[in-house]
Amino acid sequence: MQPTLLTCNTLLNALVRYPSSHSIRLSKAVFTDFIKIGVKINTNSFNILIHGSCMENRFGEAIRVLGKMRDYGCPPDNITYNTILDGLCKKGRLNEARDLLLDMKNKGLFPNRTTFNILVLGCCRLGWLKEAANVIELMSQNNVVPDAWTYNVMISGFCKQGRVDEALRLREEMENLKLSPDVVTYNTLINGCFEHGSSEEGFKLIDEMEGRGMKPNSVTYNVMVKWFVKKGKMDEVDKTVRKMEESGCLPDIVTYNTLISWHCKAGKMDEAFRLMDEMGRKGLKMDNVTLNTMLRVLCKERKLDEAHDLLCSARRRGYFVDEVSYGTLIIGYFKHEKASQALRLWDEMKEKEIIPSIITYNSMIAGLCQMGKTNQAIDKLDELLESGLVPDEITYNTIIHGYCHEGQVEKAFQFHNKMVEKNFKPDVVTCNTLLCGLCREGMLEKALKLFNTWISKGKDVDAVSYNTIILSLCKEKRFGEAFDLLAEMEEKKLGPDCYTYNAILGGLTDAGRMKDAEEFISKIAEKGKSEYQFLELGKRQDARTSEIPQEPHPNAIAYSKKINELCSQGSYKDAMKIFHESKQKNIILLKSTYIDLMDGLIKRRKSTSKGMLSS
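Given the structure is predicted, the values throughout are model-derived calculations rather than measurements. All residue numbers here refer to positions counted from 1 along the written sequence of the relevant chain. Reporting of local features is limited, given that this is a predicted model, to residues whose pLDDT is at least 70; pairs of side-chain atoms are given and counted only at 80 or more, and all residues count toward the totals for whole chains, interfaces and linings. Derived side-chain values reflect all non-hydrogen atoms in the structure, with water molecules and hydrogen atoms excluded from consideration.

Draft legend 1. Layout of the overall build of the protein chain. Of the regular secondary structure elements, the protein chain holds 34 helices and 0 strands. Looking at the 615 residues of the protein chain, the share that counts as buried comes to 48%. Partitioning the contacts of the protein chain with sequence separation of at least 6, the portion at a separation of at least 24 is 60%. Carbon and sulfur atoms provide 51% of the accessible area of the protein chain, an area that totals close to 31700 Å². In DSSP terms, a helix is any run of H or I states spanning at least four residues, a strand is any run of E spanning at least two, and both are numbered starting from the N terminus. Think of it in three bands: with a 1.4 Å probe and only protein chains considered, a residue is buried below 20% of the maximum accessible area for its type, exposed above 50%, and partly exposed in between. Contacts are residue-level and defined by heavy atoms, with any inter-residue pair within 4.5 Å sufficient. Using the Shrake-Rupley algorithm and a 1.4 Å probe, accessible areas are obtained, with residue cover drawn only from the displayed protein chains.

Draft legend 2. Summary view of unusual backbone geometry. For the bond from glycine 495 to proline 496, the omega torsion is 0°, close enough to zero to count as cis. Of note, proline 496 is situated in the loop between helix H28 (479-491) and helix H29 (498-510). Although it is not a glycine, lysine 178 adopts a positive phi angle of roughly 65°. Tracing the chain through its elements places lysine 178 in the loop between helix H10 (164-176) and helix H11 (183-196). In this structure lysine 178 comes out as exposed when scored by relative accessible area, which is 74%. Residues other than glycine seldom take positive phi values, yet arginine 302 does so here, at roughly 65°. With respect to the element layout, arginine 302 can be found in the loop between helix H17 (288-300) and helix H18 (304-316).

Draft legend 3. Inspection of helix H22 (residues 374-386) at higher detail. In a helix, the anticipated span is given by 1.5 Å times the number of residues less one. With 13 residues, H22 should reach 18 Å at 1.5 Å per residue; the first-to-last C-alpha distance of 18 Å fits that figure. Listing the buried residues of H22 in full gives Thr374, Ala377, Ile378, Lys380, Leu381 and Leu384. Buried residues in H22, looked at end-on, bunch into an arc of 160°, giving them a common side. Looking one or two places after H22, you find glycine 388, whose phi comes out positive at around 90°. Working note: the arc is built from the helix axis to C-beta atom directions.

Draft legend 4. Region of the structure containing the side chain of glutamate 323. On the secondary structure map, glutamate 323 appears in helix H19 (residues 323-335). The term polar contact refers here to a pair of N or O atoms within 3.5 Å; inside protein, the definition further demands a hydrogen-donor-capable atom paired with an acceptor-capable atom, and it admits residues adjacent in sequence only when both atoms are side-chain atoms. In terms of polar contacts, glutamate 323 uses its side chain to reach the side chain of lysine 91, at 3.0 Å. Those residues in contact with glutamate 323 that lie beyond four places of it in its chain are Asn57, Lys91, Met349, Ile354, Ile355, Pro356, Ser357 and Thr360.

Draft legend 5. Geometry of the packing of aromatic side chains. Any Phe, Tyr or Trp ring, taking Trp's six-membered ring, that has another such ring centre within 6.5 Å forms a pair; planes under 30 degrees apart are called stacked, those over 60 apart edge-to-face, and the others tilted. In total, this model carries 14 aromatic pairs according to the counting rule given. Seen in terms of ring centroids, phenylalanine 203 and phenylalanine 228 are 6.2 Å apart; in terms of plane orientation they differ by 35°. Their pairing is tilted. Residue phenylalanine 203 is located in helix H12 (residues 199-211), and its partner phenylalanine 228 is located in helix H13 (residues 218-230); the two are separated by 25 residues in the primary sequence. The exposure class assigned to phenylalanine 228 is buried, which follows from its relative accessible area of 7%. For the pair phenylalanine 451 and tyrosine 466, a centre-to-centre distance of 5.1 Å together with 85° between the ring planes defines the contact as edge-to-face. Of this pair, phenylalanine 451 sits in helix H26 (residues 444-456) while tyrosine 466 is found in helix H27 (residues 463-475), placing the two residues 15 residues apart along the sequence. The buried category is assigned to tyrosine 466, whose relative accessible area is 0%. An aromatic cluster is present here, built from Phe194, Phe203, Trp227 and Phe228 joined pairwise through their rings. Positioned over the ring face of tryptophan 454 is lysine 459, at 4.5 Å from the centre of the ring. Think of it as a cone above the ring: NZ of Lys or CZ of Arg counts as a charge over the ring if it is within 6 Å of the ring centre and within 35 degrees of the ring normal.

Draft legend 6. The arrangement of the environment of leucine 259 in detail. Turning to its location among the elements, leucine 259 is positioned in helix H15 (residues 253-265). Residue classification places leucine 259 among the buried positions, given a relative accessible area of 14%. Between the C-alpha atom of leucine 259 and that of lysine 226, which follows or precedes it by 33 residues, the distance is 8.2 Å. In contact with leucine 259, not counting residues within four places along its chain, are Val225, Val229, Val237 and Leu275.

Draft legend 7. Structural detail: the side chain of asparagine 362. Within the element layout of this structure, asparagine 362 appears in helix H21 (residues 358-370). The class of asparagine 362 is buried, set by a relative accessible area of 9%. Leaving out residues up to four positions away in the same chain, asparagine 362 has contacts with Asp392, Ile394 and Thr395.

Draft legend 8. Just the pattern of salt bridges, in detail. Whenever a carboxyl oxygen of Asp or Glu lies within 4 Å of a side-chain nitrogen of Lys or Arg, that contact is scored as a salt bridge. One pass over the full model with this rule turns up 26 salt bridges. Note that glutamate 271 and arginine 274 form a salt bridge whose closest N and O atoms lie 2.6 Å from each other. One end of the pair is glutamate 271 and the other is arginine 274, both in helix H16 (residues 269-281) and 3 residues apart, which spans about a single turn. When the shortest N-O distance is used, the salt bridge between glutamate 481 and arginine 478 registers 2.8 Å.

Draft legend 9. Seen up close, the packing of H18 against H19. Axis angles are defined between N-to-C directions and span 0 to 180 degrees, where every axis is a line fitted to C-alpha atoms and, for a helix, only to the segment in contact. Contact geometry for H18 and H19: axes closest at 11 Å, N-to-C directions at 165°. Taken together, the axis directions place H18 and H19 in an arrangement best described as roughly antiparallel. Here H18 and H19 pass one another in a crossing that is left-handed. In this structure, H18 uses Leu304, Ala307, His308 and Leu311 to contact H19, whose residues at the interface are Ser325, Tyr326, Leu329, Gly332 and Tyr333. Across the contact of H18 with H19, the residue classes break down as 6 nonpolar, 3 polar and no charged. With respect to orientation, any angle under 35 degrees is reported as roughly parallel, any angle over 145 as roughly antiparallel, any angle of 65 to 115 as roughly perpendicular, and every other angle as oblique. Helix crossings fall into two classes, left-handed where the near helix is turned counterclockwise from the far one by less than a right angle and right-handed where it is turned clockwise. Throughout this entry, Asp, Glu, Lys and Arg are counted as charged residues, while Ala, Val, Leu, Ile, Met, Phe, Trp, Tyr, Cys and Pro are counted as nonpolar. The remaining residues, Gly among them, count as polar.

Draft legend 10. Summary view of the environment of serine 27. Its place among the elements puts serine 27 in helix H2 (residues 23-36). Its relative accessible area of 1% is what places serine 27 among the buried residues. The spatial distance from the C-alpha of serine 27 to the C-alpha of leucine 12 is 5.6 Å, given a sequence separation of 15 residues. Serine 27 has contacts with Leu12, Leu15, Val16 and Leu49, leaving out every residue within four places of it along the chain.

And the structure:
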């Protein structure tokens, strides 16, 4: 008895929709066998096969199958194109998605609401909210009405960027269009409030949702569990999980992953493994999140061999290993200076046709740059571009940092200029990286020119920008300019911070300007800035090598010893009295005395802060 088309599609669907380690590969063999025995397949058969290819990120293969459909009298439909578009957009491969959309239109297929929603989701995943809004505008122009799903995706995009107020306004816009916010809308907003807004607003939204007759579901409870875990309120976590069970929503894989992640971060690995065993007893199978969490912890604890064994065994045990799994271990290898193992793992991932995402590429590029292999990182950038992925600011800034780290500042600027031509928009990180590279190579004048040009163009700078320049000015003994920038920082409310003070105090003492150093300490103490850790100066430099060449005052050692004793006892006021007394007698203290005094100031500030917190 020959199998029917229904049998064929049912079997294909079962293999693809409920995959194990080899089921998708088997589905392709089954598909070929059905053709050989004469089953007349249809468009749905191809769509199932294409869905399987996309699940494994084999988009090239999916497009090849798409190209063969008409040969079998099965024209592609919207589902065919939407399936591939969805996979490409989820991986951030929007250039390929655009090409496919154009091919779809050329074949006479009109994008439907699902098509537009997929594009909106793809833009939002990359943080391109303006482009996502343009897609929605295009929907309206083509008489395709956005639905609740469209708005939920946009709301999620705004929440991920911390723009919760705009997300809440979109909810109001939904209601004006007679689109009722659903549980997904509320869960997204609640999570946004907990992550970036007000937890109080989040709990209000939960009450509002229940007031509208919508019961919290497992997602709602998981959002609350995640927030309580983040705040370390484990009693509230237990209460929420119990309430979740009482409402009929059993803890799911997300609940367990949140708890496992917290225990891993807290170093409670035994508890994490206990929860994994509990998951198994309850029939919950470890997923990518669980796997990747465990890999991250093993890498953090330098257990790279165990992490590699877990990665290898996961595939054998039927779990889907993704690019994040490989990327996590690759980062671990680079972090512990095992570049050869990282590169070997990268090749293994490519051999298994696991397509790297932009995040995985960025991790690889960062690892190579840290190892002083920026030219190899450029090769990975070229590979990234050829694969259709879109580089982001992290990609470009990482390579610029790599060149600067290797002392190749000119190459860094050449790369920067080349990328600007390709619509890369430099940010404050780019500026700081280039400033640091110039100052490290002794090109202070060029750094000042870049710094002033950047400000004159109205671009953002931060405390790091100022600190980088101030440190170099102090090393060159250009204290007038350094103090001018210090005043400018204060005026712009960008600091100063501990690094600013360390730079100036270190510069003054190294220059032998002990009187100026004394006045500087006094001013900072008067401003209540003693919490800043000037001791970084003492850690970086040997105080003895920086003493002024003249003979110290006969009483300098005695004063130094007294200040040290008082500071170690926490007698800040008495130590400052001795300090002022030495100034009145024109006794120039040793540099180590200033460090001891600042140590006392810091200890006192820390103890005062603790007292205030406990009261």
